[in-house]
Amino acid sequence: MKSYIIHFIRHGMTAGNEEGRYIGSTDLPLSPSGEKRIHALAEKYPYPQAEAYFCSPLKRCTQTMKILYPKAKPILIRDFRECSFGEWEGKNAKEIAAKDPAFAQ
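Below is a short write-up of the structure. Just so you know, these numbers come straight off a predicted model, no measurement behind them.

Moving on to the nonpolar core. Among the nonpolar cores identified, the biggest contains 12 residues, and these are Leu30, Ile38, Leu41, Tyr53, Cys55, Leu58, Cys61, Met65, Ile67, Leu68, Tyr69 and Ala72. Every element with two or more residues in this core is listed here: α2 (32-44) and α3 (59-68). Top element by residues in this core is α3. It accounts for 4 residues. Look past the residues within four positions of isoleucine 67 in its chain and what remains in contact with it is Leu30, Glu35, Ile38 and His39.

Written as structure tokens, this is what we have:
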């Protein structure tokens, strides 16, 4: 029986992440500072090489993948997308609490 080592790598920051917004299904690209941070991490740390690279099709994920593994041909997996936060999608905690008093609970 063959065994595998699987590495999960989170995407870099988007403007929505930096603003504290609930960003799930919204397809945002990396922010300039998020892109810069991923480049810095790629220069500082050796990221593991793999036989196959699977990636969410969201922009922030494919951009992160291209920075960390520029020669890799990722296999895009639609179901790797993040979930939608529904009515909270794209909003921050203050905006949600203003419309939904139960949010704080």
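The next subject is the packing of α2 against α3. Relative orientation of the contacting elements α2 and α3 amounts to 30 degrees, with a least axis distance of 9 Å. One way to sum up the angle between α2 and α3 is to call them roughly parallel. In this structure, α2 meets α3 at a crossing whose hand is right-handed. Side by side, α2 and α3 meet where Glu35, Ile38, His39 and Ala42 of the first sit next to Thr64, Ile67 and Leu68 of the second. When its residues are assigned to classes, the contact of α2 with α3 shows 4 nonpolar, 2 polar and 1 charged.

Further remarks concern the side chain of serine 56. Within the secondary structure, serine 56 is located in the loop between β1 (54-55) and α3. Since its relative accessible area comes to 6%, serine 56 is described here as buried. For serine 56, the side chain forms a polar contact with the main-chain nitrogen of leucine 58, separated by 3.2 Å. Beyond its immediate sequence surroundings of up to four residues, serine 56 is in contact with Cys61, Thr62, Leu76, Ile77, Phe80 and Arg81.

Rules and cut-offs
- Residues numbered from 1 in each chain as written.
- Predicted model: local features only at pLDDT ≥ 70, side-chain atom pairs only at ≥ 80, totals over all residues.
- Heavy atoms only, no water.
- Core = buried A, V, L, I, M, F, W, Y, C linked by side-chain atoms within 4.5 Å.
- Buried < 20%, exposed > 50% of the residue type's maximum accessible area, 1.4 Å probe, protein only.
- Helix = DSSP H or I, 4+ residues; strand = E, 2+ residues; numbered from the N terminus.
- Contact = heavy atoms within 4.5 Å.
- Axes fitted to C-alpha atoms, helices over the stretch in contact; angles between N-to-C directions.
- Parallel < 35°, antiparallel > 145°, perpendicular 65-115°, else oblique.
- Left-handed = near helix turned anticlockwise from the far one by under 90°.
- Nonpolar A, V, L, I, M, F, W, Y, C, P; charged D, E, K, R; others polar.
- Polar contact = N/O pair within 3.5 Å; in protein donor to acceptor, adjacent residues only side chain to side chain.

None of this, on its own, says anything about what the molecule does.
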